[in-house]
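As a plain string of letters, each chain reads:
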Amino acid sequence: MNDNAGRLPLIDPDSAPEEVRAAFAKLPDVNLFRAMAGATTLYPPFVDCLAGLFQDLELDARTERLAVLLVGKLSDCHYVWRQNIVTAKSVGISDAQIAAIDRGDFAAFGLKHRAALAFTEDCVRNVDVSDAVYAAAARELSSRAIAELLYVVGVYMMICRFARSGRVPLDDKPGPSPYAS
């Protein structure tokens, strides 16, 4: 892989400072994380935050991954879309559901997922989720799950912007799902 293909260098985990090497061990070895590690002061605490999204949350993993796919799609971020198809499949999201997200067709989902997807879309597009969309989400998700969904959406919006603005090159193949670790 050509480390100069993107705007940001891809950090070699073996030659990174100790605290960055420790952070690398928590997530799959993919170009995105190697590029993000260039911010050596921010990368370790960011990895802790990101790894927290793969722990047991009140927001279930399927809803979370559907939201991540939609953030990637709406952000036109092929890197996040491609990598998170692997992760989505690892938590039981079907090819048909992935295709529905790709088309922006939420009718293929149950009430909870439709509400979470509409919430995610409104948040990405408008920042301030409308009262009607929020109320629909609140009928299906607890306030804690909504707060967790906001973390997921916000973190992945940042990741998409990092991948796109840094022009992080795609990996030869997507990395493994962090859920499989």
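Rules used throughout
Residues numbered from 1 in each chain as written. Predicted model: local features only at pLDDT ≥ 70, side-chain atom pairs only at ≥ 80, totals over all residues. Heavy atoms only, no water. Helix = DSSP H or I, 4+ residues; strand = E, 2+ residues; numbered from the N terminus. Expected span 1.5 Å × (residues − 1). Buried < 20%, exposed > 50% of the residue type's maximum accessible area, 1.4 Å probe, protein only. Phe/Tyr/Trp six-rings, centres within 6.5 Å; stacked < 30°, edge-to-face > 60°. Salt bridge = Lys/Arg side-chain N within 4 Å of Asp/Glu carboxyl O.

Trainee: Just to check I follow, could you spell out helix α7 (residues 111-126) for this structure?
Mentor: One full turn of an α-helix is made of 3.6 residues, so residues set three or four places apart face in the same direction. Taking 1.5 Å per residue as the helical rise, α7 with its 16 residues ought to reach 22 Å, and the 22 Å between its terminal C-alpha atoms agrees with that figure. H113, A115, A116, L117, F119, T120, D122, C123 and V124 are the residues of α7 that are buried. Positive backbone phi, approximately 70°, marks V127, located one or two places after α7.

Trainee: Looking at this model, I keep getting lost on unusual backbone geometry. Mind explaining?
Mentor: Excluding glycine, most residues fall at negative phi; most peptide bonds, likewise, are trans. One non-glycine residue, D76, lies in positive phi territory at about 50°. Residue classification places D76 among the exposed positions, given a relative accessible area of 58%. Of note, V127 is a non-glycine position whose phi angle comes to about 70°, a positive value. Mapped onto the elements, V127 comes out in the loop between α7 and α8 (131-140).

Trainee: Where do I start with the packing of aromatic side chains in this structure?
Mentor: The geometry of an aromatic ring pair comes down to the distance between the two centres and the angle between the two planes. Under the criterion given, the structure shown has 2 aromatic pairs. Measuring from ring centre to ring centre gives 5.4 Å for F24 and Y43, while their planes differ by 50°; the resulting arrangement is tilted. In this pair, F24 sits in helix α1 (residues 18-24) while Y43 sits in helix α3 (residues 43-52), placing the two residues 19 residues apart along the sequence. Residue F24 shares its accessibility class with Y43, and that shared class is buried. With 5.9 Å between their ring centres and 55° between their planes, F119 and Y134 make a pair best called tilted. Taken as a pair, F119 in helix α7 and Y134 in helix α8 lie far apart in primary sequence, 15 residues in all. Since its relative accessible area comes to 1%, F119 is described here as buried. When its relative accessible area of 38% is taken as the criterion, Y134 is described as partly exposed.

Trainee: Would you mind showing me how to read the pattern of salt bridges here?
Mentor: Where side chains of opposite charge bring their charged atoms close, a pairing between them can arise. Counted according to the given criterion, the structure contains 10 salt bridges. Notably, a salt bridge pairs E58 with R144, separated by 3.8 Å at the nearest N-O pair. Within this pair, whereas E58 is found in the loop between α3 and α4 (61-74), its partner R144 is found in helix α9 (residues 143-165), the two being separated by 86 residues in sequence. According to the relative accessible area criterion, R144 is partly exposed, its value standing at 46%. Across the pair R125 and E121 runs a salt bridge whose closest N-O atoms are separated by 3.1 Å. Of the two residues, R125 and E121 both sit in helix α7, 4 residues apart, roughly one turn of that helix. Accessibility expressed as a relative area gives 25% for E121, which makes it partly exposed.

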